[in-house]
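Here is what each chain is made of, one letter per residue.
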Amino acid sequence: MVYLFHMEHMPSKKAISAGNQQERLKIESWIVGFTDGEGCFSASLLKNKTSKNGWQVFPEFVITQGKKSLPALEIFKQYFKCGKIFINKRYDNHKEDLYRYCVRSIFEIKEMIIPFFRQNQLRTSKKNDFEVFSKIIDSMSDKKHLTEKGFIKIAKLIETMNRKKKSRFLESSETKR
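Residues numbered from 1 in each chain as written. Predicted model: local features only at pLDDT ≥ 70, side-chain atom pairs only at ≥ 80, totals over all residues. Heavy atoms only, no water.

### Here's the deal with the overall build of the chain
Rules: Helical segments are the DSSP runs of H or I of at least four residues, strand segments are the runs of E of at least two, and each set is numbered from the N terminus. We call two residues in contact whenever any of their non-hydrogen atoms come within 4.5 Å of each other. To measure how exposed things are, a 1.4 Å probe is used in the Shrake-Rupley method; for residues, cover is taken only from the protein chains shown.
When its secondary structure is counted, the chain shows 6 helices and 4 strands. Scanning the chain from its N terminus toward the C terminus, one meets helices and strands in the order α-β-β-α-β-β-α-α-α-α. Residue pairs at least 24 apart in sequence account for 60% of intrachain contacts in the chain once pairs closer than 6 positions are excluded. On the chain, roughly 12000 Å² of surface is accessible, and the fraction owed to carbon and sulfur atoms is 54%.

### What about the pairing of strand β4 (residues 98-103)?
Using the following cut-off: Whether a residue is buried, partly exposed or exposed follows from its accessible area with a 1.4 Å probe, protein chains only, as a fraction of its type maximum: under 20%, in between, or over 50%, in that order. In this scheme, strands are said to pair when DSSP sees at least two bridges between them.
When you tally the buried positions in β4, you get 5 out of 6 residues, the bulk of the element. Where strand β3 (residues 84-88) meets β4, 5 bridges bridge the pair, whose relative direction is antiparallel. Of the residues in β4, the one forming a bridge with F86 is R100.

### Looking at the environment of R24
Within the secondary structure, R24 is located in helix α1 (residues 13-38). Since its relative accessible area comes to 36%, R24 is described here as partly exposed. On a C-alpha basis, the gap between R24 and Y79 in space is 9.9 Å, while along the polypeptide they are 55 residues apart.

### Quick word on the sheet that holds β3
So the rule is basically this: Orientation is described by axes fitted as lines to C-alpha atoms, over the contacting stretch for helices, and by angles from 0 to 180 degrees between their N-to-C directions.
Ordered by their spatial adjacency, 4 strands build an open sheet running β1-β2-β4-β3, and the pairing between neighbours is antiparallel. This sheet does not close on itself; its edge strands, each paired only once, are β1 (39-47) and β3. Adjacent strand axes in the sheet meet at a mean angle of 35° when their direction is disregarded. With 6 bridges joining them, strand β2 (residues 55-66) and β4 adopt antiparallel strand pairing. Paired with Q65 across the two strands is Y99, which belongs to β4.

### Side note on the nonpolar core
In plain terms, the rule: In these notes, a set of buried Ala, Val, Leu, Ile, Met, Phe, Trp, Tyr and Cys residues joined through side-chain atoms within 4.5 Å is what counts as a nonpolar core.
Counting residues in hydrophobic clusters, the biggest one holds 36 residues, and the most contacted among them are F41, F61, F80, Y101, F117 and I136. When residues of this core are traced back to their parent elements, those giving at least two are α1, β1, β2, α2 (70-80), β4, α3 (106-119), α4 (126-141) and α5 (148-158). Ranked by residues supplied to this core, first place goes to α4 with 6 residues. If sequence neighbours within four positions are ignored, Y101 has contacts with F61, V62, I63, L73, F76, K77, F80, C82, G83, K84 and I85.

### Brief notes about the pairing of β2
β2 sits mainly inside the fold: 9 of its 12 residues count as buried. In terms of strand pairing, β1 meets β2 through 9 bridges, oriented antiparallel. Note that in β2 the partner of S44 across the bridge is F58.

### Describing the pattern of salt bridges
Inclusion rule: We define a salt bridge as a side-chain nitrogen of Lys or Arg found within 4 Å of a carboxyl oxygen belonging to Asp or Glu.
Counted according to the given criterion, the structure contains 7 salt bridges. With a shortest N-O distance of 3.2 Å, E60 and R100 are connected by a salt bridge. One end of the pair, E60, is in strand β2; the other, R100, is in strand β4, with 40 residues separating them in the sequence. Take E60: its relative accessible area is 9%, and that puts it in the buried class.

### Topic: the side chain of N48
Keep this limit in mind: Polar contact criterion, stated in full: a pair of N or O atoms within 3.5 Å, where within protein one must be able to donate a hydrogen and the other to accept it, and residues adjacent in sequence count only if both atoms are side-chain atoms.
With respect to the helices and strands, the residue N48 is situated in the loop between β1 and β2. Only 2.9 Å separates the side chain of N48 from the side chain of Q56, close enough to count as a polar contact. When residues no more than four places from it in sequence are discounted, the contact partners of N48 are G54, W55 and Q56.

Keep in mind these numbers describe shape, not what the thing actually does.
Spelled out as structure tokens, the structure:
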């Protein structure tokens, strides 16, 4: 069967664009809400023998879900066009493995993740973690983590995120001089 449409019955470019914009706003609102509930902006300090001071800053944006919710993580990966999904095998009494959508690249965090959450504000306490996370990423982009003073400043910022305990780096003999 062939359908013929007259131009007056076709949606205008503005209507199509408005529809796409509504869909985009829906997905962006969903991403913000999902992140508010299940996401994490974190930065850790890891011992690393190859780095100048023996420590490394390790920032990441993470969403963790059980296998049944893996399609939600795929939405994040498709939307942001970056990051990876990792499986965390479980060996406890849970019946399904966990999956983690992670963005660890400083470039991808700075170019995709931070601008998105600047434009689409979080509504929970994660908003504060995001602000601190953004400062850490900015410092790292400016290579401040490569200086002793900058690294200590980042370590102090990390302590304010995600109910972190005192940093082993700040408690170590290298920083207590």
